[in-house]
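Reading the structure
Now for the letters of each chain:
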Amino acid sequence: MTYRRFTVLIASAAICAGAASAQNVNRAAEQTAACLEIEDAAARLSCFETAARELSNALESDEAATPAPQAQTNEPSVPSWAQAPEPEPEPAPKAEDDDRRPVWARLMPRPDPEQLDDSISVSVTRILRNATGRHFFIMSDGSEWEQVAPGGVKPPSSLPAAATISDSLVGNNPGLTFDDGPNGRYRVRRVK
């Protein structure tokens, strides 16, 4: 225990002491503070021990002088219903398949696919290609979507063609797929 903590402990005990021995406790606290000024470690320790004995004696005399608290005899009566123990809450029902699922599936459950319907149906009226090989899809409502990375596109046999733009599981950009055309998913972003 450091001297500073020891001093705080003694000062805390001094604050808690009663009024009857306040002078004795104050004297012991002053001696403790004076011990901090001593440079020699052995002499400082001896000073602290003496101050601690005096504080202990002052606190014992205070406890003897302070009358013990008396028990109250006028306790209000408590109705019998208030003394009954509260019922224990029922445990939450356990799903039957929770124990069979792997840990990662319990920690990161998959959302219901019906709630994740973040796709929109569009009608592609034109497909344009710029000099860098990036394709632009013009929709019937006037919106334009551009291909994120240059690459090939397998166009449907005829335009206008029904397509779906849906969120991507990986990455930030949604994907465009033709409903009745060739297979392929093209990452796109809206430009207009």
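For the structure given in this document, a descriptive report is provided here.

Calculation notes
Residues numbered from 1 in each chain as written. Predicted model: local features only at pLDDT ≥ 70, side-chain atom pairs only at ≥ 80, totals over all residues. Heavy atoms only, no water. Core = buried A, V, L, I, M, F, W, Y, C linked by side-chain atoms within 4.5 Å. Buried < 20%, exposed > 50% of the residue type's maximum accessible area, 1.4 Å probe, protein only. Helix = DSSP H or I, 4+ residues; strand = E, 2+ residues; numbered from the N terminus. Contact = heavy atoms within 4.5 Å. Disulfide = S-S within 2.5 Å. Phe/Tyr/Trp six-rings, centres within 6.5 Å; stacked < 30°, edge-to-face > 60°. Salt bridge = Lys/Arg side-chain N within 4 Å of Asp/Glu carboxyl O.

1. Side note on the nonpolar core
Ranked by internal contacts, the top residues of the largest apolar core, which has 13 residues, are Val124, Phe137, Met139, Ala163, Ile165, Leu176 and Phe178. Put simply, the parts of the chain that give this core at least two residues each are strand S1 (120-129), strand S2 (135-139), strand S4 (161-166), strand S5 (175-178) and strand S6 (186-190). Apart from residues lying up to four places away in sequence, Leu176 is in contact with Phe137, Met139, Ala163, Thr164, Ile165, Gly184, Arg185, Tyr186 and Val188.

2. A closer look at the state of the cysteines
Under the criterion given, the structure shown has one disulfide. Disulfide pairing is shown between Cys35 and Cys47; the S-S distance is 1.7 Å. The S-S bond linking Cys35 to Cys47 shows a torsion near -75°; that makes this disulfide left-handed. Of the two residues, Cys35 is situated in helix H2 (residues 22-35) and Cys47 in helix H3 (residues 41-65); the sequence distance between them amounts to 12 residues.

3. With respect to the packing of aromatic side chains
Here the structure, examined in full by the defined rule, presents three aromatic pairs. Site record: aromatic cluster; members linked through ring pairs are Phe137, Phe178 and Tyr186.

4. A closer look at the pattern of salt bridges
One pass over the full model with this rule turns up two salt bridges. Salt bridges sharing partners connect three or more residues here, namely Arg134, Glu146 and Arg189.

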